[in-house]
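# Architecture at a glance
Here are the chains, one letter per residue:
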Amino acid sequence: MRAILLLGALCALLHGAGASGAAADAAGPAGAEAAPRHVLAAVPAARPLAATHVAGPAGPAERPALVPQSAAAVTTSGQALAAVPVAAPQPAAAVAASGEVLAAVPASVPQPAAAVAAGPAGLSEGPAFVPQGDAAVAGPAGPPEASVPEGPAGAEPPGPFARTLLQGASGPCLNSALATPPTNAAWTSVNQCNDPQQQTTGGNTCTAQCAAGFVSAGRYIQTCVFNSQGVWSFANAGDNSLTCTVPGCSGTPSAAGFALPSNAQWACGASITSTGSSCTAECAAGYKLFGGPWVSTCAAGGAWQAPSGTAVTCGLIVPGGPCPNDPGPATAGLPDNAAWACSGPSTVSGTTCKANCKAGFGNVAATTYEAACQDGLWQQPTGGLTCAVATAPCPFLPPSSWLPAGGKWDCPNGVNQDGACTASCEAAYSKTGNLNAFCFNGAYAQPNTAMTCSPAGCSGNPSGEIDPDAVWSCASPSPHAAKCAAGCRGVAAPPNPPTVICDFGSWVYSNGSCADETSRNFFFTITAPVELIDRLEGAIERNRAPFLANNILQQPSISGLLPFSPSSVKVTDTWISQSNSTNQKRRLLAVTVTGKSLVVVGVQVSVGSSIVAQAAGAIVNAAFSSPAASNFILAQGLDVWRGNFVEENLLQQVTLGLSDSTGRVVGEPAGADGCLVEMLPTTTANDSIGILSTQQRGPVFDVNMCSGWDTLYASYQYKASSSVTGATKLSAAIINSTTTRCTVSPESTVERASSFEVACKNLDGTPFSAAANYAVLVTANYTCGGQPSAFFDTTNVAVLTGPSLVLRAGKQPEPGCGGKPAVAVFRYNLKNLQLFQDFQLTVQVAPSCTARLISRPSKSNGLAVVTCSGAFPPGVPVAVGLNLTASVQGCRNITSAFQISVPVTCCVTGSSYAKGATAASPSCFSHFKPGTTAAQCSKPVSASGYLNRGPGNATLFLAQSTSSCNDSFAVGSVSVTCPAGASGQKLRFAITSPASRSADRRYLVLCSPPTAPLQCPNPRWISTRAKPGQPGLPEGLNTTTANGARTEEFSVSARCACSRAYYAVVESVQYRNLPAAACGRQ
């Protein structure tokens, strides 16, 4: 029996019993016990099965299901209905889903059947074929007949027998549920799988395939099946490994028509190449590749692209084999107007073939263009060649870098086209070889020959007075740079005898002295007027010269440069070594020779015998051997001469200089190999780094800088002769300063001529803000003739006080009116400008403001007027700011800021009427505006004001409209008196209001109040400025102004008694400083 009941429930499930029409065994809600079941009266099992009719959803066709005859019918709520009698034929009953029994349905067998309530009421009734004893069960509205709904939550899945019944249907599966095929693939049209709107019947399959142009691998198939959940769906059939890839390129680019030259081949790797890969041309074994790379790329769609790059050739490698000169090296890349000049039929491996310019052209480049032969193959040419047309001359000298030491060009004006400039040697040099530079089209071709210049040697003994006690015996001839030591009179073996060196054909003093081992001789060339030379020779003759020289050394400006006590350094002897008219070889020149203007003075300097003094000998030697230091000492000597009453006009004609014993001034050219080092100050004014001006004052160079910069600058031109060997090291420092550091760029140089810069900074990084003077000492340490030496120079840097910018408020205009622009006046003053300094002023204001500079009384002391636009409300001050920047020549920019609060007042242009103080006195009356003419009388009345009777005080009130009177805002006062008594016919007015040039005041005097309609243009408003002469016009007008208010007093004659007269006063003007509420209300 239980099996029969389960089968009935299963049939109800198949025909859409719905969520509320579950099988009789369906579980109830979670956590609750199963709904009670009442089995109907037992039905004999031996009776034959009868069909029951299960009601499905509303609308679909009903389907018969098998139910055991006389089976109990059960509601979806679990309640069992009454048993169905089986003894006799009865009509089948239909049962609603709500449990109500529907109308009986006639059965084919006259036996009653049980009715089962299955779902909600309301299903339509209809006849159904029900076997004898069967029951019809109504279910809830459900899906179409073809659908197979699952049971409610908690229901058991159908068993094998039920699944077998369910699989008896044909599906279907919706194509929209198909999985997405692999990339570049799509579902085919078989079974209409490519249409997501269609369905696929059970058991059929859908297959995906690659799109056109793609390579397919694997497969992708899905089949419509009945799954374990009792639902028709698509499932994978197989591994579904389909891939669709872009086709690659097969073979090599040669297959696509991209052939290679002989002995070349494509290197591609695999025979089938993927998209984006490439093949590169290479040579077969035994061949060398020229050119390249030459590459072909596989593009999308499997097509080889045309090769790109540099085409290749393959040459046969012949170890040690020659290269044919015909055709010779490659002509590609051969310079214009050039050709290969290979000699013979071939070129030996390991050698080169050069290219030459064609006829009429010349090479103006410093290099050659050549190709090397290697193993029978010409290599890629190297170098450069510029073939210029041989037409233009060369009106200048060839480069000096082509000359050897001591050489010079002998064509000061250049040469013509195709001509040659010849080189020779300087004086005191001997030449070996020749050097010619040919001119081609305005440019010299670098010579391919060599020339040398050798310094000349010396013959005989030194000339001149090198040392007063020296005895010379030098080898003759002696080569350049040879040394010769002297003997000393009266001394068998002098410890440090005088020594000379052969320098370009002349013996020149080197070191030593006959005095003692700590003495050294120095020589100075003095050019001066004859009179002054005579005085000098007289001082030397009287042995007064050493005294004067030692006096110079004791000067503070010189002793401060020495790192030890200057008292140990003394001049022990002086003498005339050379002159332009005599060659005396005596200790002292006893006879004055007139007419001399140039002498070489020998000075013997001793550093004393102490250990400290002897250790300082090298410093003394460097100081006296340095042109800069010795010239500084000599310049101080001129001041000593000036102090000894030497005329200034003579001193101005003196030139002093360090020289050698022959009189050649150190610092001037003395042969190409002479010891020459110079540092010439080249600092110029430069606003971008703060240098305002520079000046050369004799041996002193001054630089003026603006304060506020963090670096002091000095620049120099460095020069050295060829005898200066190695690198010259440059350094700098500020004298007597421990808080600064100076750097030199570059720090060393090996060039004969170059430039360098000195930069000095404070160690703490702060700028040089205070006015001060700085002495920047620059030192060049170099080696000349194997001896270390030094050169000094000093630049005095004066830091000047920079300008300052003061910004303050100027005289302000009257307060602005509300709704009008706000105007502020600033005064600026730029102070501490140098006489030559220019500057520019730049203003910065708010976006809504504009500024105008007024250079009054001067450009550095003027006004700035700032106007800011906007509808500013009255009573609220406007902050007007100004940033003023002064860009001063050579100085840092200076910015000053200031702000002014501009008051905004309430301004109203309108009329005010006098209202008497007595409450019953004034009355409001309409009238034409004062000044109305007869031509305007046709217009409507356009004003309203107060009319007062009798004398008394009144207040001027601002009119707020043209149709009524107003006493909200008082702007002035009016006083009316009777000067002739109450019965007199004269009125005295006193009107007081804010002073204004444009004020228009008028009055009206009547003997009776005006009647309507008003006569136009009468009653007539009379101006207080009207000329007297008729009754009613003002008399005795008196105007006074005090504290910003103006008072007008006058008398008026009336036609009635003063006490009975009516009067009105109106004032038309632009009022200022009214209460804010008065603005915008008129």
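Preceding this paragraph is the structure being described.
Because the structure is predicted, anything quoted here is derived from the model rather than measured. (Residues numbered from 1 in each chain as written. Predicted model: local features only at pLDDT ≥ 70, side-chain atom pairs only at ≥ 80, totals over all residues. Heavy atoms only, no water.)

## Focus: the pattern of salt bridges
Applying the stated criterion across every chain yields a total of 11 salt bridges. The partner of Lys915 in a salt bridge is Asp967, and the shortest N-O contact between them spans 2.7 Å. A residue pair is termed long-range when its members are at least 10 positions apart, and Lys915 in strand β65 (residues 904-916) and Asp967 in the loop between β68 (952-958) and β69 (970-977) qualify at 52 residues. Given the relative accessible area of 39%, Asp967 is considered partly exposed. In this structure, Glu1048 engages Arg1001 in a salt bridge whose closest nitrogen and oxygen atoms are separated by 3.7 Å. (Salt bridge = Lys/Arg side-chain N within 4 Å of Asp/Glu carboxyl O. Helix = DSSP H or I, 4+ residues; strand = E, 2+ residues; numbered from the N terminus. Buried < 20%, exposed > 50% of the residue type's maximum accessible area, 1.4 Å probe, protein only.)

## Topic: the pairing of strand β54 (residues 753-762)
Pairing analysis gives eight bridges linking strand β50 (residues 712-720) to β54, with the strands arranged antiparallel. In the strand pairing of β54, Tyr716 is matched with Phe756. Pairing of strand β52 (residues 740-745) with β54 involves six bridges; the strand directions are antiparallel. Bridge pairing in β54 links Ser745 to Glu757. (Pairing = 2+ DSSP bridges.)

## Observations regarding helix α3 (residues 530-541)
Taking 1.5 Å per residue, 12 residues should reach 16 Å; α3 reaches 16 Å between its end C-alpha atoms and fits that length. Every buried residue belonging to α3 is among Leu532, Ile533, Leu536, Glu537, Gly538, Ala539 and Ile540, and all of these are buried. Trailing α3 by a residue or two, Asn543 shows a phi angle of about 60 degrees, which is positive. (Expected span 1.5 Å × (residues − 1).)

## Thoughts on the state of the cysteines
Under the defined criterion, the tally for this structure stands at 22 disulfides. Covalently, Cys210 is tied to Cys244 through a disulfide, its sulfur atoms 1.9 Å apart. Handedness of the Cys210-Cys244 disulfide follows from its S-S torsion of about -85 degrees: it is left-handed. Placement of Cys210 in strand β9 (residues 205-210) and of Cys244 in strand β13 (residues 243-245) is noted, with a sequence separation of 34 residues between them. Between the sulfur atoms of Cys817 and its disulfide mate Cys907 the distance is 2.0 Å. (Disulfide = S-S within 2.5 Å.)

## Notes on the sheet that holds β54
Pairing in this open sheet of four strands is antiparallel, and the strands run β47-β50-β54-β52 from one edge to the other. At either margin of the open sheet sits one strand with a lone partner, and together these are β47 (677-681) and β52. Sheet twist, expressed as the average angle between the axes of neighbouring strands with direction ignored, equals 25 degrees. (Axes fitted to C-alpha atoms, helices over the stretch in contact; angles between N-to-C directions.)

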